[in-house]
Amino acid sequence: MRFLSSLYSLSVFSSKPHPFNSIFTPLLNHLHISFIHCETHSTQQTLLFMDASEETLRKTLTEKQNSVTTQANVVRNLKGAKAAKSEIDAAVEALNALKLEKTSIEQQLQAVLNSDGSGNSLNREAFRHAVVNTLERRFFYKPSFSIYGGVAGLYDYGPPGSAVKSNVLAFWRQHFVLKENMLEVDCPCVTPEVVLKASGHVDKFTDLMVKDEKTGMCYRADHLLKDFCKEKLEKDFSLPVEKIADFKHVLAVLDDLSTEQLGAKIKEYGITAPDTKNPLSDPYPFNLMFQTSIGPSGESTGYMRPETAQGIFVNFNYLYYYNGNKLPFAAAQIGQAFRNEISPRQGLLRVREFTLAEIEHFVDPSDKSHRKYGEVVDLEFLMFPREEQMAGNQAKRTRLGDAVSKGIVNNETLAYFIGRVYLFLTRLGIDKERLRFRQHLANEMAHYAADCWDAEIECSYGWVECVGIADRSAYDLNAHSAKSGVALDAHEKLQEPREIEKLVIAPMKKELGLEFKGNQKKVVEALEAMNEKEAMEMKATLESKGEVEFHVCTLGKAVTIKSSMVSISIEKKKEHQRVFTPSVIEPSFGIGRIIYCLFEHSFYTRPSKAGDEQLNVFRFPSLVAPVKCTVFPLVQNQEYENVAEQISQSLTGSGILHKIDITGTSIGKRYARTDELGVPLAITVDSSSSVTIRERDSKEQIRVGIDEVAAVVKAVTEGQSTWTDIQQRYPAHSSTAVDE
Ligand code: AMP
């Protein structure tokens, strides 16, 4: 959970080489941006600045522009002076040459500006267009309620999308719930106000919004500022150096700007409503929760939960008891979350209703070791600690164990979950080169949090936070305990009872009543609320002077307390158990974001055999693939259809999700259709005794007897054998018979 959530980590923190696929043009060098630290009065400000190539190009461009202006004047003067034609022509030629050079520099600069670590923006957009087009055409997902015009931020998953989602969730359950013996719960989406008041959501779960002053249209303030700065940086080549530094600095600190600072920047830059160019209101907080009322009277306010975690916290006592009153343990929940995003964009990445899968791992705050830490200690992947971000460096491959021993990751349990999240995402098919764990900057983290890391996945939109992994200390349990009055504690039986000293304040209610009458209750409460230092000072004064002046806040005045009115002592007690509030470590998975990134990381195109079109392929691992195999009779005839039916029954018997395609279209077209759904294997029935099995990415085929087909498909799609193993056991089949 995070208040004032943001979609992206800024792509200025972008790194390394990469993707947008071999089908799109070669990638450009990355724009590396460095930070310059400069002292301003007593504060140290971090200024984002250009990298060398950008700086050089901007300088060269300014010089070239000056040369163009000078040469244009030369031409104008020559013409004015009616100089010889040959002289004018030579000057015009020189001017044209300069203009050409200027255009070339502009193009180079544009290329540098567009390359943010993920290929140039045109390629990114073309790539995204190809992926989304395929996804929507094959009904992986589509905007909801589209026949009525749709509603922004709401999407339906169609058959293949639902299948991918349920595969991802099944693997999540297997990888986390099963492996860790987590306690899975299922709580309601409708949540009474008091719960979300205690958690802080009613007061603080907000984004800053601005309104078009004339039409009332709403925009997210930080998005407008971000778009403005990015556009200026990308399109305005005449920006002076200080302005460039200013825009980059704003982009870097966007998440940290206060309401006033954000409003001031919007005013300073003269930003207007994008649709109408009308003036904008000052920014103000907009609560992202959908409000509702529970019951017919309308008196009981409720909200659609913005996260699933609160359902776990309020059940802590029952879960702890269920777990035999033992720590550590983890509870998990998969369910819908609702956030009334101000202006949802970027498809599945920012929606108004989405599936969250959350884990709350409860642990003794004095011992955050993890018994299975050894299983992840040697994992190496891209980590981006806050110091590296602040220094303008890149994410680096880091051994998880080293990050813990150097104190970069706060504790073993947090590291254990970071490691498990890495394994989860990469096994799903997320490219490990486009996955990084970014630590929250100090001011990005909630004040109570001990440490937070986001699993960020790079896609055509930039680096996107897909999983948040936070050590939230005891904040949530304490908050619910204070609000509900129900202790949410854990107990540890002590080996040896220990002696403790306890402050005992005993107000004499009868004496106090006689003296203070109607105010007695407030005086009693104030006495009981004293801390040890205050109480011991009062005791000393009462013993020496017999009375003391005591300020009662709730009365707004001081009263005289006599020694007969209160007894203060320190008593020794034997304690047999330690009572404490557990810390919670929370990995929180945005399933839709993970799935969208997976779609992008799995997508590629290849030319058709005739070379006249590009065919789309999703290289989903079998684990994720919506359908594990397809069965086609090579030609439409009853005999082959019967065999296909027989194979289908044996696949069903083996629990393999498959699809029969008996349409008469060419086998090549049918392969293309299944590749587009990411189906790993295709069975073609071309005889009544054996069939061919084709692997999606290599397009290689083997020949297998009908009775063995289901076992082969099961072994490959469930991971007991690889395709290479299988190829060694069965004869290869040349594809000449098949129209690919
Ligand atoms: P948060 O509680 O804000 O840290 O969000 C937890 C996870 O939910 C994030 O890591 C995202 O993956 C996901 N998420 C948050 N907001 C949205 C949204 N509007 N649409 C889709 N996923 C979201």
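Residues numbered from 1 in each chain as written. Predicted model: local features only at pLDDT ≥ 70, side-chain atom pairs only at ≥ 80, totals over all residues. Heavy atoms only, no water.

- The name given to the protein chain in an unreviewed UniProt entry is glycine--tRNA ligase, with Aquilegia coerulea as the source organism.
- The record held by UniProt for the protein chain lists under Subcellular location (unreviewed entry) the comment "Cytoplasm".
- We quote the UniProt Sequence similarities (unreviewed entry) comment for the protein chain here in full: "Belongs to the class-II aminoacyl-tRNA synthetase family." (UniProt positions renumbered as here; feature names shortened; annotations may be inferred.)

### Thoughts on the site of the ligand
So, step 1. Residues in contact with the ligand amount to 17 residues; listed here are only the nearest, R339, E341, V351, E465 and C466.
So, step 2. Contact between the ligand and E341: a nitrogen atom at 2.8 Å from a side-chain N or O atom of the residue.
So, step 3. At 3.4 Å, a backbone N or O of L349 approaches a nitrogen atom of the ligand.
So, step 4. Burial of the ligand by the protein chains amounts to 97% of its free accessible area of 480 Å².
So, step 5. Counting only elements with at least two residues in the shell around the ligand, the list comes to β13 (353–363), β18 (462–471) and β23 (583–590).
So, step 6. Of the residues forming the shell around the ligand, the biggest block, four residues, is contributed by β18.
So, step 7. Residue composition of the shell around the ligand, by class: seven nonpolar, four polar and six charged. (Near = heavy atom within 4 Å. Polar contact = N/O pair within 3.5 Å; in protein donor to acceptor, adjacent residues only side chain to side chain. Areas by Shrake-Rupley, 256 points an atom, 1.4 Å probe, with all protein chains shown as cover. Helix = DSSP H or I, 4+ residues; strand = E, 2+ residues; numbered from the N terminus. Nonpolar A, V, L, I, M, F, W, Y, C, P; charged D, E, K, R; others polar.)

### Brief notes about the sheet that holds strand β9 (residues 284–287)
So, step 1. What the three strands build is an open sheet, ordered β8-β7-β9; its pairing is antiparallel. Each of the sheet's edge strands pairs with one partner strand only, and the pair in question is β8 (218–220) and β9. Sheet twist, expressed as the average angle between the axes of neighbouring strands with direction ignored, equals 55°.
So, step 2. Bridge count for strand β7 (residues 206–211) against β9 is four bridges, and the pairing is antiparallel. Bridge pairing in β9 links D207 to F286.
So, step 3. Along the sheet, helix α7 (residues 221–235) contacts β7 and β8; its crossing angle with β8, the most-contacted strand, is approximately 70°. (Pairing = 2+ DSSP bridges. Axes fitted to C-alpha atoms, helices over the stretch in contact; angles between N-to-C directions. Contact = heavy atoms within 4.5 Å.)

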